[in-house]
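In case you want the letters, here they are:
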Amino acid sequence: MTKNLLSAVVATTTSAGENVEELENLTLHFYATGISSGNGVLTLEASNDGENWLAILFHDATQTAGGTDVASKTLSSNVSALLRLYSGFKMIRVVVTRTTDGSYSCILHGQKVR
């Protein structure tokens, strides 16, 4: 299953909640275009009821030495990041906080639990 959570947003934006309870091996492809002097900061929120959301950590798979668990990922140039999510929640959503310029997109991918 692949789903666009955000497509070329140019303002601070929170995606709709996406049901992931029957998915595993979750990844996010976060990428930016059109940045000359700003940045975009991605954070991840999870919920089991779709109403009460909390910020969660995710694994930054683009870091050297195997990556680390982080609370946010900042893109300050026209690059991409691969982020791995931990399962255990019914729903997730992403928040992008934009400064100055650039457009930001985020694609969710997961495999159906067999």
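The structure presented is a predicted model; accordingly, all values stated were derived computationally and were not measured.

What counts and how
Residues numbered from 1 in each chain as written. Predicted model: local features only at pLDDT ≥ 70, side-chain atom pairs only at ≥ 80, totals over all residues. Heavy atoms only, no water. Salt bridge = Lys/Arg side-chain N within 4 Å of Asp/Glu carboxyl O. Helix = DSSP H or I, 4+ residues; strand = E, 2+ residues; numbered from the N terminus. Buried < 20%, exposed > 50% of the residue type's maximum accessible area, 1.4 Å probe, protein only. Core = buried A, V, L, I, M, F, W, Y, C linked by side-chain atoms within 4.5 Å. Contact = heavy atoms within 4.5 Å.

A. Structural detail: the pattern of salt bridges. Per the counting criterion, the structure on display carries three salt bridges. Where Glu18 meets Lys3, a salt bridge forms, and the shortest distance between an N and an O atom there is 3.6 Å. Remark: Lys3 occurs in strand β1 (residues 2-9) and Glu18 occurs in strand β3 (residues 18-19); sequence separation between them is 15 residues. On the basis of relative accessible area, Glu18 is assigned to the buried category, the value being 16%. Assessed through its relative accessible area of 37%, Lys3 is described here as partly exposed.

B. The arrangement of the nonpolar core in detail. Counting residues in each nonpolar core, the largest one holds 26 residues, and the members touching the most others are Leu28, Leu42, Leu44 and Val94. Put simply, the parts of the chain that give this core at least two residues each are β1, β4 (23-33), β5 (39-47), β10 (80-84), β11 (91-99) and β12 (103-112). The element best represented in this core is β4, accounting for five residues. Beyond its immediate stretch of four places on either side in the chain, Leu28 contacts Leu5, Leu44, Ala81, Leu82, Leu83, Leu85, Val94, Cys106, Ile107 and Leu108.

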